[in-house]
Amino acid sequence: MSVSKKEVLDAIMQAMEIEKETFDLYTRAEHKTFNPAGKRIFRWLARTEEEHYLKLTELYNSYSDGERWVFYGGTTIALDAEGEHGAGFDTDDLAALEIAMEIEKKGIAHFEQLEQTTADPDGKGMFKTLVIEEKEHLRVIAEKHRALKG
């Protein structure tokens, strides 16, 4: 299946919008919670989404200029060590986690679709890596969500 340059650029722009929306959500959630464990996770999620956004911006510019794909080997941002043990999330954090799970699922589906429609090996690799990272985000969020719900 061959896709036009415009379709690829539109898909990359959509992915950038998903990453920005998710970054904004995680940043707001980090500032809203007073719980150290919640802050730690939301900060990590925001930083990784920011990295995704920057890499997608680089890809957009590169592809726009000459249909060149960029390499993405994965995030280098580690989740900070857990500080305070046994801390629970606030009720507002539960709602933020539920929204975050839906956004991550949307991102996974979008990147999987891009991976399937991209013929370039570097492009496929980039989107596959993004899918893996977004699935890890979903796993962490779902784990925290389950812990909060009891």
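For the structure given in this document, a descriptive report is provided here. (Residues numbered from 1 in each chain as written. Predicted model: local features only at pLDDT ≥ 70, side-chain atom pairs only at ≥ 80, totals over all residues. Heavy atoms only, no water.)

1. With respect to the overall build of the protein
In step 1: The secondary structure content of the protein amounts to four helices and zero strands.
In step 2: Moving toward the C terminus, one meets the helices and strands of the protein in the order α-α-α-α.
In step 3: Here the protein holds 150 residues, and 46% of them are scored as buried.
In step 4: Excluding contacts between residues fewer than 6 apart, the proportion of contacts in the protein whose partners are at least 24 apart in sequence is 78%.
In step 5: With an accessible surface of roughly 8100 Å², the protein has 53% of that area assigned to carbon and sulfur atoms. (Helix = DSSP H or I, 4+ residues; strand = E, 2+ residues; numbered from the N terminus. Buried < 20%, exposed > 50% of the residue type's maximum accessible area, 1.4 Å probe, protein only. Contact = heavy atoms within 4.5 Å. Areas by Shrake-Rupley, 256 points an atom, 1.4 Å probe, with all protein chains shown as cover.)

2. Things to note about unusual backbone geometry
The phi torsion of most residues other than glycine is negative, and most of the peptide bonds are trans.
In step 1: In the Ramachandran plot, glutamate 67 falls in the positive-phi region, its phi being about 55° despite a non-glycine side chain.
In step 2: Within the secondary structure layout, glutamate 67 lies in the loop between α2 (36-66) and α3 (91-117).

3. Observations concerning the pattern of salt bridges
If charged atoms from side chains of opposite charge come close, those side chains can pair.
In step 1: Throughout the structure, instances matching the rule amount to nine salt bridges.
In step 2: Linking lysine 6 and aspartate 10 is a salt bridge whose minimum nitrogen-to-oxygen distance equals 2.6 Å. Here aspartate 10 and lysine 6 lie together in helix α1 (residues 5-32), a separation of four residues that amounts to about one turn.
In step 3: A salt bridge links glutamate 112 to lysine 135, with the nearest nitrogen and oxygen atoms 3.5 Å apart. With a gap of 23 residues between them, glutamate 112 in helix α3 and lysine 135 in helix α4 (residues 121-149) connect regions that are remote in the sequence.
In step 4: Look at lysine 135 and you get partly exposed, because its relative accessible area is 44%.
In step 5: Salt bridges sharing common partners tie together Glu136, Arg139 and Glu143. (Salt bridge = Lys/Arg side-chain N within 4 Å of Asp/Glu carboxyl O.)

4. Things to note about the environment of leucine 45
In step 1: Along the chain, leucine 45 turns up in helix α2.
In step 2: Residues leucine 45 and alanine 100, 55 residues apart in the sequence, show an inter-C-alpha distance of 9.7 Å.

5. Notes on the packing of aromatic side chains
In step 1: The final tally for this structure, using the stated rule, is four aromatic pairs.
In step 2: On the numbers, 6.3 Å between centres and 20° between planes, the contact of phenylalanine 111 with phenylalanine 127 is stacked. With phenylalanine 111 in helix α3 and phenylalanine 127 in helix α4, this residue pair connects regions lying 16 residues apart in the sequence. Each of the two residues, phenylalanine 111 as well as phenylalanine 127, counts as buried.
In step 3: The rings of Tyr63, Trp69, Phe111 and Phe127 are connected pair by pair, giving a single aromatic cluster. (Phe/Tyr/Trp six-rings, centres within 6.5 Å; stacked < 30°, edge-to-face > 60°.)

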